[in-house]
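Listed below are the residues making up each chain.
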Amino acid sequence: AHGFYRLRLGDGISMRLRAYSKSTVRPNKIEHLVFYLQRVKNAGVSFSAKDLAAELQISQRTVNRLLKEACEAEYVEQIGKGRSTLFKLKNKGLAA
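Everything numeric in this text was worked out from a predicted model, so none of it was measured. (Residues numbered from 1 in each chain as written. Predicted model: local features only at pLDDT ≥ 70, side-chain atom pairs only at ≥ 80, totals over all residues. Heavy atoms only, no water.)

(A) Local environment of helix α2 (residues 49-56). All of the buried residues along α2 are A49, L52, A53 and L56. Angular distribution of buried residues about the axis of α2 spans 100°; they occupy a single face of the element. In α2, the exposed positions angled more than 90 degrees off the buried face are occupied by K50 and A54. In the segment just after α2, Q57 is the residue with positive phi, at about 55°. (Buried < 20%, exposed > 50% of the residue type's maximum accessible area, 1.4 Å probe, protein only. Helix = DSSP H or I, 4+ residues; strand = E, 2+ residues; numbered from the N terminus. Arc of directions from axis to C-beta.)

Encoded structure:
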């Protein structure tokens, strides 16, 4: 069965991401993801899929799936292509 995670980033800001039944992303990793995204949001910096995978200690493929969905939902902006791709949180997609 599929469900959703609602990530709360504070200040009334939240994201909704799909959770897959065979997902390797456990609730404690989602919590870690929220803290990471809060730090990124507060710093106003971009990040790579590799950085996020290392931070969460999950596969880069899993991170790419999460980031693809976040980009499609306009929570995250993709900057560049290929190995040099970076991501940045979008204020537009982070409305309450």
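Next comes the rest of the account.
(B) Up close: the nonpolar core. Counting residues in each nonpolar core, the largest one holds 18 residues, and the members touching the most others are F47, L52, V63, L67, V76 and F87. Sorting the residues of this core by element identifies α1 (27-43), α2, α3 (60-72) and β4 (86-89) as the ones contributing at least two each. (Core = buried A, V, L, I, M, F, W, Y, C linked by side-chain atoms within 4.5 Å.)

(C) Just the pairing of β4, in detail. The alternating pattern of β4 places F87 and L89 on a buried face, while none of L86 and K88, on the opposite face, is buried. Of the strand pairs in this sheet, strand β3 (residues 76-79) and β4 are connected by four bridges, and their pairing is antiparallel. Residue pairing for β4: E77 is matched across the bridge by K88. Where β3 folds back on β4, the antiparallel hairpin that results is connected by six residues, among which G80 adopts a positive phi of roughly 90°. (Pairing = 2+ DSSP bridges.)

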